[in-house]
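Letter by letter, the chains look like this.
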Amino acid sequence: MASSTLAVNKVAIIGGGIAGLTLAIALKRQGIEVSVHEKYSHYQSHPTGFLIWSYAIKILQDLGVPVDAFGAPLEVFRMHGRQGRFVVDMPIGEISRLNGADSYEVNRLRLSQTLAEMVGDDLRLGDECVSVDSTPQQAMVTFADGRRLQADVVIACDGANSVVRQFLHPDVALNMLGSGGWIAVIDQIPPGLPLGYQMDFWLPGCKAGVAQLGHGETRWYAAFTEMQASATVSKKQQILSRLNPIPDLIQHCLDLTNEDQMVYTQAGDLLALSSWYRDRVLMIGDAAHATSPYAGMGACAAIADAAALAELIGSGRPVPEIFECFQQARKPVADAVIQDSRQSLDRSTSAGVRAWIRDLIFKNIPEPKMQEIVQAMVSGH
Ligand SMILES: Cc1cc2nc3c(=O)[nH]c(=O)nc-3n(C[C@H](O)[C@H](O)[C@H](O)COP(=O)(O)OP(=O)(O)OC[C@H]3O[C@@H](n4cnc5c(N)ncnc54)[C@H](O)[C@@H]3O)c2cc1C
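Everything quoted here is computed from the prediction, not taken from an experiment.

About the criteria used
- Residues numbered from 1 in each chain as written.
- Predicted model: local features only at pLDDT ≥ 70, side-chain atom pairs only at ≥ 80, totals over all residues.
- Axes fitted to C-alpha atoms, helices over the stretch in contact; angles between N-to-C directions.
- Helix = DSSP H or I, 4+ residues; strand = E, 2+ residues; numbered from the N terminus.
- Parallel < 35°, antiparallel > 145°, perpendicular 65-115°, else oblique.
- Left-handed = near helix turned anticlockwise from the far one by under 90°.
- Contact = placed C-beta atoms within 7 Å.
- Domains from an automatic or database assignment.
- Nonpolar A, V, L, I, M, F, W, Y, C, P; charged D, E, K, R; others polar.
- Near = placed C-beta within 6 Å.
- Expected span 1.5 Å × (residues − 1).

Following both chains from N to C, one finds helix α2 (residues 54-62) and helix α9 (residues 298-314) inclined at 45°, their axes separated by 9 Å at the closest point. With respect to each other, α2 and α9 are oriented oblique. Relative to α9, the crossing made by α2 is left-handed. In this structure, α2 uses Tyr55, Ala56, Ile59 and Leu60 to contact α9, whose residues at the interface are Cys300, Ile303, Ala304 and Ala307.

Dropping the structure here:
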């Protein structure tokens, strides 16, 4: 029977996304019993892609995750400025390797599938959590079909629209930032896109980017400030009408993409929740600290949360101490990521004189300062 002074033996994880699956893999390696309960009975049908920085790739590699199965190393982040022209190359590969692992451009669907295979039968698909309950002694999950499950602790990894968060913070909702856009993965390589390069375009009111994912695939995205998607105008037309002139590379991506491969997302975040836990229920990943995607850090933070929590649970300390130590270690970092991502949205989509000054500063950035910026990105601080 669970007790506040006994070590954690049985962990119920709500959500089979990046945080939940990584946590399950890390806990299973320590011999701790886990069950992962994922709402959907299948993984997303349209693949999307994103960037995972060196520090999070290192965690995955240390857990034995075969990262080459779902991505390709990033060497250079090439920034283009307000007129779509080259501004600066950031040496991601070189500095990542000094930190112990490459940074990777990743196919998110393949990443989920790889992690899910490693979790095996402990992942239960089609298990939707509708509520949780907790006392200082035990935690309880209720599923949509009425089943109930008791565990030593419940870890909420159920993402930005977390159901479990309502148990902890019934009045908190995601702050929608007004920006949104499309992301797609295609199984072709557009002309002018070398392997190992992320081509980013920081245009007035728009941030767009393209990178190869390995395996003959490319991911691209185009996000706009003040965006509400229309259901009556084609997705490509909505992009073309907002991007004039459109960078050649983005046009090539549009030419190679079918409309049904384009996934719409709207940016929202959760800044500085007062607490991430109550009794025996703790939130990690986007459930605790959803961030807009502009700093490219949300999945990395979810992976880092999972590794830090697994280590604390494995230490055998009492639950209240584990949760408090976890929150003290991870919350300041996660809150800083959210702030940074908001600033990044503003910086990368600014217009007029501000954009002109930004481009000038990045063009003339001294090498030691550039190394400092890249070091902060690849190491997560
Ligand atoms: C467009 C875009 C681009 C991004 N780019 C980057 C990037 O470049 N780098 C980066 O590091 N991050 C990026 N992110 C952020 C990243 O995707 C998230 O931070 C990350 O997925 C969070 O992981 P998570 O496991 O906490 O949540 P999720 O990955 O959202 O997983 C939550 C899981 O919980 C399940 N679930 C939800 N409700 C329930 C329930 N009631 N019961 C059971 N299961 C439930 C969901 O189905 C899902 O599988 C991006 C995000 C977006 C939207």
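Okay, the domain arrangement of the chain next. Split into domains, the chain comes out as domain 1 (10-39 + 126-174 + 270-344) and domain 2 (47-107 + 176-268 + 351-381). Its C-alpha centre places domain 1 at a distance of 28 Å from the equivalent point of domain 2. Counting only elements with at least two residues in the side of domain 1 that touches domain 2, the list comes to α1 (18-28) and α9. Here the side of domain 1 that touches domain 2 gets five residues from one element, more than from any other, and that element is α9. Here the residues of the side of domain 1 that touches domain 2 are counted per class, giving 13 nonpolar, two polar and one charged.

Looking now at the site of the ligand. In the vicinity of the ligand there are 32 residues, among which Gly15, Gly17, Gly159, Gly285 and Gly298 approach most closely. The greatest single-element share of the shell around the ligand, amounting to four residues, is contributed by α9.

With that out of the way, let us pick up α9. Think of an α-helix as turning once every 3.6 residues; residues three or four places apart then point the same way. For α9, which comprises 17 residues, the first-to-last C-alpha distance of 24 Å matches the rise-based estimate of 24 Å (1.5 Å per residue) to within 8%. The positive-phi residue at the C-terminal boundary of α9 is glycine 316, with phi of around 80°.

For any two helices packed against each other, the geometry is given by the interaxial angle and the distance between the axes. Packing of α9 against helix α10 (residues 319-348) brings their axes to within 10 Å, and their N-to-C directions diverge by 165°. The orientation of α9 with respect to α10, classified from their angle, is roughly antiparallel. Note on packing geometry: the crossing formed by α9 with α10 is right-handed. Note on element contacts: α10 touches α9 through Ile322, Cys325, Phe326, Ala329, Arg330, Ala334 and Val337, opposite Ala301, Asp305, Ala308, Leu309, Leu312 and Ile313. Per-class residue counts for the contact of α9 with α10 are eleven nonpolar, no polar and two charged.

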